[in-house]
Amino acid sequence: MALATFWFILTAVLWTGFFILEGFDLGVGILHAVVGRDEPGRRAVISTIGPLWDGNEVWLIVAAASMFAAFPGWYATMFSGLYPAMVLLLVALILRGVSFEFREKVLAPHWRRAWTVCLSGGSLLVPLLIGIALGDLLYGLPIDQDQEFTGGLGDLFSAYSVFAGLTLAVLCVQHGATFITLKTTGELRGRASLLARRVAPVTALAVLAFLPWTHSTAGKGVLPNLVALIAALAVLAAAWLVTVRREGWAFTATTVAIATTVLAVFVDLYPRLMVSSTDPAYSLTVQNSASGGYALKVMSVVAIVFFPLVLAYQGWTWHVFRRRVSAEQYTVGGATGDAAG
Amino acid sequence: MSQLDLARLQFAMTSIYHFLFVPITIGLGFLTALLQTGWHRTGRQELLRLTRFFGVLLVINIAVGVVTGLVQEFQFGMDWSAYARTVGDVFGAPLAMEGLAAFFLESTFLGLWVFGWDRLPPRVHLATIWLVAVGGALSAAFIMAANSWMQHPVGYTVDPDTGQPRLNDVWALFTNPVFLRGYLHVMLASLTTGAVLMLAVSAWQLRKGSAPLAFHASARLALVVLVPAVMLGMLVGSELGVTEGKYQPMKIAAAEAQWTTCQPCSFSLFQIGGGQNDHDPTKIIEIPHLLSLLATNHWNGQVVGMDPLQSQYEQQYGPGNYVPNVFIQYWSMRVMAYLAVLVLLVGLWGLWLLYRRRLSSARLFHRVAVWTAVLPPLINTAGWLLTESGRQPWIVQGIQLTRQGVSPSVTTATVATSLIVFFLLYAVLSVVEVVLMTRYARRELAPPTAESTPVPTPTY
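The rules behind the values
Residues numbered from 1 in each chain as written. Chains lettered and ligands numbered in written order. Predicted model: local features only at pLDDT ≥ 70, side-chain atom pairs only at ≥ 80, totals over all residues. Heavy atoms only, no water. UniProt positions renumbered as here; feature names shortened; annotations may be inferred. Helix = DSSP H or I, 4+ residues; strand = E, 2+ residues; numbered from the N terminus. Rg over C-alpha atoms; globule rule 2.2 N^0.38 Å. Buried < 20%, exposed > 50% of the residue type's maximum accessible area, 1.4 Å probe, protein only. Contact = heavy atoms within 4.5 Å. Areas by Shrake-Rupley, 256 points an atom, 1.4 Å probe, with all protein chains shown as cover. Lys, Arg positive; Asp, Glu negative; His and termini not counted. Charge placed at Lys NZ, Arg CZ, Asp CG, Glu CD. Buried area = accessible area lost by both parts, 1.4 Å probe. Salt bridge = Lys/Arg side-chain N within 4 Å of Asp/Glu carboxyl O. Polar contact = N/O pair within 3.5 Å; in protein donor to acceptor, adjacent residues only side chain to side chain. Nonpolar A, V, L, I, M, F, W, Y, C, P; charged D, E, K, R; others polar. Core = buried A, V, L, I, M, F, W, Y, C linked by side-chain atoms within 4.5 Å. Disulfide = S-S within 2.5 Å.

- An unreviewed UniProt entry annotates chain B as Cytochrome ubiquinol oxidase subunit I originating from Kitasatospora camelliae.
- Entered under Sequence similarities (unreviewed entry) in the UniProt record, the comment concerning chain B runs "Belongs to the cytochrome ubiquinol oxidase subunit 1 family."
- Its UniProt record gives chain B a comment under Subcellular location (unreviewed entry), which states: "Cell membrane".

- Going by the annotation in an unreviewed UniProt entry, the name recorded for chain A is Cytochrome d ubiquinol oxidase subunit II, with Kitasatospora camelliae given as the source organism.
- Regarding chain A, the relevant UniProt record gives this comment under Sequence similarities (unreviewed entry): "Belongs to the cytochrome ubiquinol oxidase subunit 2 family."
- Turning to chain A, the UniProt annotation filed under Subcellular location (unreviewed entry) states: "Cell membrane".

Structure representation (structure tokens):
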């Protein structure tokens, strides 16, 4: 059924969009304490994503909701099978999410330190855990003929899926460091740029190892397909562009790199949704897990109407907050730009 | 406790917690938008200062509301995978629509509103807060459409091969009589909650005597919204009761602990006893005909008791216990109704003071109004207990039992661990939320030229 495939593509696009957008704000979250050494610096770094992160996170919510609506079986098996990882992911998302708001509300150093830890730690755990989950989809989990997960905690952490998590985490760091370079001035920009250059080779190595590993895990040989090829080129380009200080292009390259790396997993996954390591015949597929035709049709109409609209106003948000920020704005007496009041 | 009990406890705990913040977000969102609109129209500086003042309280609540909403979304797959697998086709659709059509809107424009004060033209900036408010209200609409389907399933057919409900009429989800009344009821309850919060904060500030002109304005706005919202909320609520009585008669019978069929039926103010096995509780102060009126809209309406309903359901669905928790039903209904009356009385008192031009100086009223802030969360919680506990033992009325909805692959220990994790996390968040809310509610109003100066961050 064509609509089911359309929804697979849309779900893949939503996860990809999530990693493109939340990818850099996760990276900023991870790095804010290192790049911003003092309080004004940290606030400046956080403010680069302040207006954007909440809207970015909705991509995750919609990605999960689209799985629920279009592939209920996939959503059910994945979320119940990965239960412990999901709890940890939620804790990370919650602590990270409230830390943006809470951190700014009290001046005491110990308070800010606590929320800085939550912001960095939570931001690191999110791509790591989602990466592991994506890796698990492809690597395979013990799933029986009723599409039920039959394994234990240990099954979630195969070498491949852990590496998938690490790859996505380091991609987010690179993406975030490049974003900070692009959005700040002075010392902050210098430190972010240095970090981006240092991380770049690690990211490139990780992605270059991850792509063939993904192919062979999926049983599709080691030769890259087009998406993987673009991913490999983009990650190398990102490393080079950040060295020659072309931040705008470097950010474009990390955007392409993170997008294609995530897409590569989905391309290799199709038409399966979750591989069963018990018996390939028990795998969840686009065909055996999709909702009924009417439900898919209705949601397709909704998606086709609203998706462009969302892209338009999120794009406009980028335009509104296109200016760079500097630490000086956040020293006493400067404009804070935070909070409504 | 079994995995089922723990999963239910977890869902109840996280839903109740989430719904402490949602009504504040929706209600205060509209009120803040009204304040900003007032400033935009009149140019009165104190309205701008109030917008920013209440905006901070709004944003703190949205932050907690959003992150706890994530738990709700994930939980369907984590704890209730059999439910998700069976009904995702119908139930998942409004959730996906919520994300695409409403939640993106609310979140994106919240960022624009909070950070856009000096980057957007005033008119455009005003539009962003309205879009935040509308986004929140739309979100609630989609969620309520999904929830109402669990109360009264419509717009589906059963797949003959799989036995699964399949969506066949999406419009039916949004014209579901339970949805129409339930959503209106939730929106009015949200406006009430936001207005009571605004009134309480204003009263505290008036009592302290800081910026009396400004906080008189916000107290007035709160009262003008509050009184009609509570009154309409009660009206719609009783209509909802009649609707639910039609589709979920067991829920309404349990709310009166009515075991036998009656006609006409009286309503009791209190009762002693009347637990799950006590079919003969001692009713205190019975009001004749009131239950008939509440449950059926007729003076002499018949309310079928739980015993006949139980035997009817056994014939229809097979052996089992189809009676919800009567104690929760009876008391959550009364807590909701009685406390709502209290809120209305406080509102009417305030309106009277406003009319007599004594709102700024009525010390006793200020004191009472501050404490009224604790009532809406209790009312909202009781309302949800009445609705959701009354649905038991069904997860979807007549389609799937709650115990058939739990995840087969998840162990009791796993659920127990996550329950403890979320309990501790939510406890910490509550403390932080209460500390921040009281701190910011008691803060002095920012100076009149707030537009370009920073937020004064309080120190220890």
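1. Side note on the overall build of chain B
Then, number 1: The helix and strand inventory of chain B stands at 15 helices and 6 strands.
Then, number 2: Relative to the globule expectation of 23 Å for 460 residues, the C-alpha radius of gyration of chain B, 23 Å, shows essentially globular dimensions.
Then, number 3: Counting every position in chain B, which comprises 460 residues, the buried fraction comes to 61%.
Then, number 4: Long-range pairs, those at least 24 residues apart, make up 77% of the contacts in chain B between residues at least 6 apart in sequence.
Then, number 5: Total accessible area on chain B is roughly 17,800 Å²; 66% of this is exposed by carbon and sulfur atoms.
Then, number 6: Counting 27 positive and 23 negative side-chain charges, chain B places the averaged centre of each group 17 Å from the other.

2. Considering the environment of Ala222 of chain B
Then, number 1: Positionally, Ala222 of chain B belongs in helix α7 (residues 212–247).
Then, number 2: It is 9.3 Å that separates the C-alpha atoms of Ala222 of chain B and Leu191 of chain B, two residues lying 31 residues apart in sequence.

3. Digging into the UniProt feature "transmembrane region" (unreviewed entry) in chain A
All names here are of chain A.
Then, number 1: As recorded in UniProt, the feature "transmembrane region" (unreviewed entry) lies at residues 6–35, 82–102, 114–139, 159–182, 194–215, 221–242, 249–271 and 291–313.
Then, number 2: Structurally, residues 82–102 is divided into 95% helix and 0% strand, and its ends, taken at the C-alpha atoms, are 30 Å apart.
Then, number 3: Regarding residues 194–215, the helix share stands at 100% and the strand share at 0%, and the terminal C-alpha atoms are separated by 33 Å.

4. Here's the deal with the interface of chain B and chain A
Then, number 1: On the side of chain A, 74 residues touch chain B, which itself brings 77 residues to the contact.
Then, number 2: Between chain B and chain A, roughly 6,800 Å² of surface is buried when both sides are summed, and carbon and sulfur atoms account for 76% of that area.
Then, number 3: At the boundary of chain B and chain A, one finds 1 salt bridge.
Then, number 4: Its salt-bridge partner being Arg85 of chain B, residue Glu148 of chain A comes within 3.3 Å of it at the nearest N-O pair.
Then, number 5: Where chain B touches chain A, the interface holds 16 residue pairs in polar contact (both at pLDDT 80 or more).
Then, number 6: Looking at the side of chain B that touches chain A, the elements with two or more residues in it are α2 (45–78), α3 (81–115), β2 (165–167) and α15 (412–441) of chain B.
Then, number 7: Take the side of chain B that touches chain A: its biggest share by element is 26 residues, from α3 of chain B.
Then, number 8: Across the side of chain B that touches chain A, the residue classes tally to 50 nonpolar, 18 polar and 9 charged.

5. Quick notes on unusual backbone geometry
Then, number 1: Geometrically, the link from Tyr270 of chain A to Pro271 of chain A is a cis peptide bond, its omega value of 0° lying close to zero.
Then, number 2: For Pro271 of chain A, the position within the fold is in the loop between α10 (247–269) and β1 (272–274).
Then, number 3: Here the residue pair Gln392 of chain B and Pro393 of chain B is connected by a cis peptide bond, since its omega of 5° sits within 30 degrees of zero.
Then, number 4: Mapped onto the elements, Pro393 of chain B comes out in the loop between α13 (375–389) and β5 (394–396).
Then, number 5: Of note in this structure, Ala211 of chain B is not a glycine but carries a positive phi near 45°.
Then, number 6: With phi around 70°, Asn297 of chain B is a residue other than glycine that occupies positive phi space.

6. Focus on the pattern of salt bridges
Then, number 1: Per the counting criterion, the structure on display carries 19 salt bridges over all chains.
Then, number 2: Its salt-bridge partner being Arg166 of chain B, residue Asp89 of chain B comes within 2.7 Å of it at the nearest N-O pair. Of the two residues, Asp89 of chain B is situated in helix α3 and Arg166 of chain B in strand β2; the sequence distance between them amounts to 77 residues. For the residue pair Asp89 of chain B and Arg166 of chain B, the accessibility class agrees, reading buried in each case.
Then, number 3: Here the salt bridges share partners, and the residues they tie into one network are Glu39, Arg43, Arg103, Glu104 and Arg112 of chain A.

7. What to know about the environment of Val202 of chain A
Residues and elements named next belong to chain A.
Then, number 1: Topologically, Val202 is positioned in helix α8 (residues 186–217).
Then, number 2: Taking the relative accessible area as the measure of exposure, Val202 reaches 48% and is therefore partly exposed.
Then, number 3: Spatially, the C-alpha atom of Val202 lies 9.2 Å from that of Leu171, the residues being 31 residues apart in sequence.

8. As for the nonpolar core
Then, number 1: In this structure, Phe71, Trp74, Met78 and Phe102 of chain A together with Phe54 of chain B are the most contacted members of the largest nonpolar core, which totals 272 residues.
Then, number 2: With 21 residues, the top contributor of residues to this core is α3 of chain B.
Then, number 3: Leave out the neighbours within four places in its chain, and Phe54 of chain B touches Leu28, Thr32, Leu35, Met198, Val201, Ser202, Phe215 and Ser218 of chain B.
Then, number 4: Grouped together as the second largest cluster of nonpolar side chains are 14 residues, Ala254, Tyr313, Val323 and Trp394 of chain B included.

9. Concerning the state of the cysteines
Then, number 1: For the coordinates displayed, the defined rule picks out 1 disulfide over all chains.
Then, number 2: A disulfide bridge connects Cys262 of chain B with Cys265 of chain B, and the sulfur atoms are separated by 2.1 Å. Its S-S torsion of approximately 105° makes the covalent link between Cys262 of chain B and Cys265 of chain B right-handed.
Then, number 3: Classification of Cys262 of chain B as buried rests on a relative accessible area of 12%.
Then, number 4: Cys172 of chain A provides the cysteine sulfur closest to Cys118 of chain A, a residue in no disulfide bond, and the two sulfurs are 19 Å apart.

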